[in-house]
Amino acid sequence: VCLFTFGVLLFKIYRINSKDGDRYRKEALSQQSYTNTVLNYQRGDVKDRNNTTLAVSVRKYDLVLEPRTLGKDEKKKQATVDAIAKKFGVPNSMYEHIDGLKELPAKKVDKFKKQIKKERLEGVWFEEVYKRNYPLKTVGASIIGFMNSNNQGTYGVEEQYNSVLNGTTGREYGYFDSNMNLQRTIKEAKDGNSVVLTIDANVQKIIEDEIADFQKNGTGAKMIAMM
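In this text the structure is predicted, and so the values were computed from the model without any measurement. (Residues numbered from 1 in each chain as written. Predicted model: local features only at pLDDT ≥ 70, side-chain atom pairs only at ≥ 80, totals over all residues. Heavy atoms only, no water.)

Asks: Mind showing me how you'd approach the pairing of strand β3 (residues 53–65) here?
Replies: Consecutive residues of a regular strand have side chains that alternate between opposite faces of the sheet. Alignment of strand β2 (residues 46–47) against β3, held across 2 bridges, turns out to be antiparallel. Among the inter-strand pairings, K47 is bridged to a residue of β3, identified as T53. Linking two consecutive strands that pair antiparallel, namely β2 and β3, is a turn of 5 residues; a positive phi of about 70° is found at N51 within it. Relative to strand β5 (residues 124–133), β3 runs antiparallel, the two sharing 10 bridges. Looking at β5, one finds that R59 is bridged to Y130. As paired strands, β3 and strand β4 (residues 104–105) are joined by 2 bridges and run antiparallel to one another. Opposite K60, over in β4, you have P105 as the bridge partner. (Pairing = 2+ DSSP bridges. Helix = DSSP H or I, 4+ residues; strand = E, 2+ residues; numbered from the N terminus.)

Asks: Is there a simple way to explain the pattern of salt bridges in this structure?
Replies: Pairing between side chains of opposite charge can happen when their charged atoms approach one another. Counted by the stated rule, this structure contains 5 salt bridges. With a closest N to O distance of 3.7 Å, K131 and E103 form a salt bridge. Taken together, the residues K131 in strand β5 and E103 in the loop between α3 (74–88) and β4 connect sequence positions 28 residues apart. Residue E103 is classed as partly exposed on the basis of its relative accessible area, which comes to 37%. (Salt bridge = Lys/Arg side-chain N within 4 Å of Asp/Glu carboxyl O. Buried < 20%, exposed > 50% of the residue type's maximum accessible area, 1.4 Å probe, protein only.)

Asks: Looking at this model, I keep getting lost on the packing of aromatic side chains. Mind explaining?
Replies: Aromatic rings in a pair are described by how distant their centres are and how their planes are angled relative to each other. Applying the stated rule across the entire model yields 4 aromatic pairs. On the numbers, 6.2 Å between centres and 80° between planes, the contact of Y61 with F126 is edge-to-face. With Y61 in strand β3 and F126 in strand β5, this residue pair connects regions lying 65 residues apart in the sequence. A relative accessible area of 4% means that Y61 is categorised as buried. Ring centres of F88 and F112 lie 5.3 Å apart, and the angle between their planes is 70°; this geometry places the pair in the edge-to-face category. Linking F88 in helix α3 with F112 in helix α4 (residues 106–119), this pair joins segments that are 24 residues apart in sequence. Judged by its relative accessible area of 11%, F88 is buried. (Phe/Tyr/Trp six-rings, centres within 6.5 Å; stacked < 30°, edge-to-face > 60°.)

Asks: Please explain the environment of A225 as it appears in this structure.
Replies: Tracing the backbone shows A225 in the segment after α8 (201–217). The exposure class assigned to A225 is exposed, which follows from its relative accessible area of 61%. It is 9.7 Å that separates the C-alpha atoms of A225 and I211, two residues lying 14 residues apart in sequence.

Asks: Before we go on, may I ask you to explain the packing of α3 against α4 in this structure?
Replies: Geometrically, a packed helix pair is captured by the angle between its two axes and the distance between the axes. At a minimum axis separation of 11 Å, α3 and α4 run at an interaxial angle of 150°. Classified by the angle their axes make, α3 and α4 are roughly antiparallel. Regarding α3 and α4, the two cross each other, and that crossing is right-handed. Of the residues in α4, those touching α3 at A83, I84, K87 and F88 are K108, V109, K111, F112 and Q115. (Axes fitted to C-alpha atoms, helices over the stretch in contact; angles between N-to-C directions. Parallel < 35°, antiparallel > 145°, perpendicular 65-115°, else oblique. Left-handed = near helix turned anticlockwise from the far one by under 90°. Contact = heavy atoms within 4.5 Å.)

Here's what the structure looks like:
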């Protein structure tokens, strides 16, 4: 009886594997193949009393390649590589230089996205990132402060109001279904709030220029503070 039952089970397993084996393999693979990407928020601006921007996070992009997609078709892979090399000025051996394709300007990337759609390029996408920029350069720098590599404010307003300026990251979850199509679920990021100061950037620049001139051409001072 045991041998007979065992034989029946083997036969059923054989039939399932023959008929639906490929589907079950895809389902098993889909459960193991997924993506989990952080969506960055845009940090709030710092502005003066006249709404002049003193600090802003500029949207840029990091280029990302999907080896799984690129590996499917050698011809399409080459077309994608050639297009990237031409658009962003990198050699065709770009896989060795992919680290150089970071913080790409949004305007250039937006144009390339249209090219991707038009030419049906595959295996390339862009991760949105933000880079802190100070339009007036050093004006008010001692008041504004600056950012570290972990997107945290250091010194000045950037540090004092760090929790206000910072937002909340989002997430993009993806998995491959039984047909190996990537299905995505997105939890949007929440951008930070802006901070408006009471200082006037024009007045600030005049004072800083006068101080610099005094230090260079005047008697100078060991320490100067603006109250």
